[in-house]
Amino acid sequence: MNDADLIKKYLDGDINSFNTLVWRWEKPLYNFSVRFLGDTELAKDVTQKAFIKAYKNLKGLKDPSKFSSWIYQITSNLCKDEFKSMKRHQSISLELMMENHKDHRFDLADSSLPDPSADMNQIELEELIKRALQSIPVEQRIVIIMKEYQGLKFAEIAETLGESINTVKSRMYYGLNALRKVFNRWNINEEVLQYEM
Amino acid sequence: MKCDDIKILLMDILYEEADEKVIARVKDHMKSCDGCRAEFEALKETSAVLQKWEDVDPDMNMVFVREQNAFWSNLRERFRISPARLGYGFALGAAALFLMLALANTEIRYDQGSFSMRFGIMKSNDSAKTVSTMDQALLTSLQEQNMQLMSRMIEQSEQRQRQQLISALNQFSNNYQDVRSSDLKTVGTSLDEIERELYRRLEKRTNEQYNDLIRQINFQEGNR
């Protein structure tokens, strides 16, 4: 049963159909939020808020086949709001944070540290990627997460964000380039990862 | 094809969304452009690094249950009527009602503490006034009749209570006389009985004393 069928059943009064939608979508939405915000607890909050919003407003969704775009739109808007709130409370930049934590194991920009890939494991790598994503502009980050991790087509991302396909591709291109620079600065590349992982 | 034009197309090729024609054009360009080829490889590598961050299970266990709506919410839910449409419906209904009342020449009057309502195709204030005056006279008459009736009922009730009281007193008096008579009879009988017993005892003692006296006399005469 696809999303549209579940939505129709839910609107006919079957609450379990909505729960099926929740079970189907909670993992992708949670992972989207974690990669956007870099915080598991905030990601859980955002995911819950997204489902509650969907629960309340699903009747207003004119085309149930567009549920995917709609729920990603809700989640990305909530993530943006949460990120703004985070920034107000934590105005310190990534670079400044790294300067303040010279002894941090992930401070790969610090040449005094040994080769960062020498003792890198999965958790450390994820932490690095998380920080790299946090360092790029929000609009580029959303596109990269939707493409790299959610596996959406450029057309689907464009529809979700209400932008043109070329704008989305452009953001993807500049976002990837920004990440590449961060990874290069931290001396992370596929060859090193293949050797270490 | 210029390098700037290639940049966006590189995205299509990297994520396998380009058609054969575009792939051929870009590959053709990259054969002769080291910069674009190197950039493509770098972007591919960045994408590969990003892929190292694996998905995790959220472990959230969210379950939605149907909320208990209030009566009006249930009503709206059942008929799928928005609050705006519901308000519009009420307004329309009220307007229709007013229109009907207007067509029926409805008159609602308040006069000296009483409301009067009149329907009619033709308006006539005089007849309404006459009806109102007649109603007032009828009401006054009814009130007077009610007062009389109430007075009579109270009077009858008092009379009935007086009769009941007299009857009860008579009954009590009769009972008292009977009890008194019975008691006096009992006392009389008892006095008679006492009198008879006293007489009997006195007679017996007198006889005994006479006998004793006779015996003493006889004894004295015998000694002589």
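Residues numbered from 1 in each chain as written. Chains lettered and ligands numbered in written order. Predicted model: local features only at pLDDT ≥ 70, side-chain atom pairs only at ≥ 80, totals over all residues.

Here we look at the overall build of chain B
To be explicit about the condition: Segments assigned H or I by DSSP are reported as helices when at least four residues long, segments assigned E as strands when at least two residues long, and all are numbered from the N terminus. Counts of 20 or more other C-beta atoms within 10 Å of a residue's own C-beta define buried residues, counts of 12 or fewer define exposed ones, and intermediate counts define partly exposed ones; C-beta atoms are placed from the backbone. Here, residue contact means that the backbone-derived C-beta atoms of the two residues sit within 7 Å.
Along its length, chain B carries six helices and two strands. Secondary structure of chain B in N-to-C order comes out as α-α-α-α-α-β-β-α. Across the 224 residues that make up chain B, the buried fraction comes to 7%. Here the analysis covers contacts within chain B between residues at least 6 apart in sequence; of these, 23% occur between residues at least 24 apart.

As for the overall build of chain A
Secondary structure assignment for chain A yields 10 helices and zero strands. Across chain A, helices and strands are ordered from the amino to the carboxyl terminus as α-α-α-α-α-α-α-α-α-α. Burial statistics for chain A: of 197 residues in total, 34% are counted as buried. Across chain A, contacts joining residues at least 24 apart in sequence account for 64% of those joining residues at least 6 apart.

Observations regarding helix H1 (residues 3-14) of chain B
Let me state the cut-off plainly: A helix is expected to reach a length of 1.5 Å times the quantity of its residues less one.
If you check H1(B), its first and last C-alpha atoms are 16 Å apart, about what 12 residues at 1.5 Å a residue would give, namely 16 Å. Within H1(B) the residues assigned to the buried category are B:Ile6, B:Leu9, B:Leu10 and B:Met11. On its buried face, H1(B) sits against helix H9 (165-185) of chain A together with helix H2 (20-32) and helix H3 (34-50) of chain B. Remark: B:Glu16 follows H1(B) within two positions and exhibits a positive phi of approximately 55 degrees.

Focus on the interface of chain A and chain B
Heads up, the rule is: Each residue receives one of three labels: charged for Asp, Glu, Lys and Arg, nonpolar for Ala, Val, Leu, Ile, Met, Phe, Trp, Tyr, Cys and Pro, and polar for the others, Gly being one of them.
With 34 residues of chain A at the contact, the number on the chain B side is 27 residues. Tallied by class, residues from the side of chain A that touches chain B come to 16 nonpolar, seven polar and 11 charged.

Some points on unusual backbone geometry
Residues and elements named next belong to chain B. Despite not being glycine, Glu16 has its phi angle at roughly 55 degrees, a positive value. Relative to the helices and strands, Glu16 resides in the loop between H1 and H2. Here Asp59, not a glycine, exhibits a phi torsion of approximately 55 degrees, which is positive. With respect to the element layout, Asp59 can be found in the loop between H3 and helix H4 (71-79).

Digging into the confidence of the model for chain A
The line we're drawing: pLDDT runs from 0 to 100 and stands for how confident the predictor is about each residue.
Here chain A averages 85 in pLDDT, and 80% of its residues register 70 or above. Between residues 101-114 of chain A, whose pLDDT stays under 50, and residues either more than four places distant or in other chains, the model counts 17 contacts.

Concerning the nonpolar core
Operational definition: By convention the nonpolar core is taken to be a set of buried residues drawn from Ala, Val, Leu, Ile, Met, Phe, Trp, Tyr and Cys and joined through C-beta atoms within 7 Å.
Counting residues in each nonpolar core, the largest one holds 58 residues, and the members touching the most others are A:Ala50, A:Ile71, A:Ile129 and B:Leu10. Examining the composition of this core, we find that 10 residues originate from one element, helix H2 (residues 15-37) of chain A, more than from any other. Once residues lying within four places of it in the same chain are set aside, the contact partners of A:Ile71 are A:Trp25, A:Leu29, A:Ala50 and A:Ala54.

Concerning the packing of helix H1 (residues 3-11) of chain A against H2(A)
Residue and element names in this part refer to chain A. As a reminder of what qualifies: Helix axes are fitted only over the stretch in contact, all axes being lines through C-alpha atoms; the angle between N-to-C directions runs from 0 to 180 degrees. Note on convention: the crossing is left-handed when the near helix lies turned anticlockwise from the far helix by less than a right angle, right-handed when the turn is clockwise.
Viewed as axis vectors pointing N to C, H1 and H2 meet at an angle of 145 degrees, and their least axial separation amounts to 7 Å. In terms of crossing hand, the pair formed by H1 and H2 is left-handed. Where H1 approaches H2, its residues Asp3, Leu6, Lys9 and Tyr10 are matched on the opposing element by Ile15, Ser17, Phe18, Thr20 and Leu21. In terms of residue class, the contact of H1 with H2 is built from five nonpolar, two polar and two charged.

A look at the packing of H2(A) against helix H4 (residues 67-89) of chain A
Residues and elements named next belong to chain A. The line we're drawing: Any angle between 65 and 115 degrees counts as roughly perpendicular, while under 35 counts as roughly parallel, over 145 as roughly antiparallel, and the rest as oblique.
Where H2 meets H4, the closest approach of the two axes is 10 Å, and the angle between their N-to-C directions is 30 degrees. Classified by the interaxial angle, the pair formed by H2 and H4 is roughly parallel. Relative to H4, H2 is oriented so that their crossing is right-handed. Of H4, the residues touching H2 (which contributes Trp25, Leu29, Phe32, Ser33, Phe36 and Leu37) are Ile71, Thr75, Cys79, Glu82 and Phe83. Considering only residue class, the contact of H2 with H4 consists of eight nonpolar, two polar and one charged.

Details of helix H3 (residues 40-57) of chain A
Taking 1.5 Å of rise per residue, 18 residues should cover 26 Å, and H3(A) covers 25 Å from first to last C-alpha, within 8% of that figure. For H3(A), the elements touching its buried residues are H2 and H4 of chain A.

Examining the confidence of the model for chain B
All names here are of chain B. Residues at a pLDDT of 70 or more form 86% of chain B, whose mean pLDDT is 85. The weakest mean pLDDT in chain B belongs to H4 at 67; the strongest belongs to H3 at 93. With pTM at 0.58, the complex prediction returns an ipTM value of 0.82.

So, the pairing of strand E2 (residues 114-118) of chain B
All names here are of chain B. The following threshold applies: Whether two strands pair depends on DSSP finding at least two bridges between them.
Burial of E2 is sparse: only zero of the five residues sit out of reach of the surface. Inspection of the sheet shows strand E1 (residues 107-111) paired to E2 by five bridges, in the antiparallel sense. Along E2, the bridge assignment pairs Tyr110 with Phe115.

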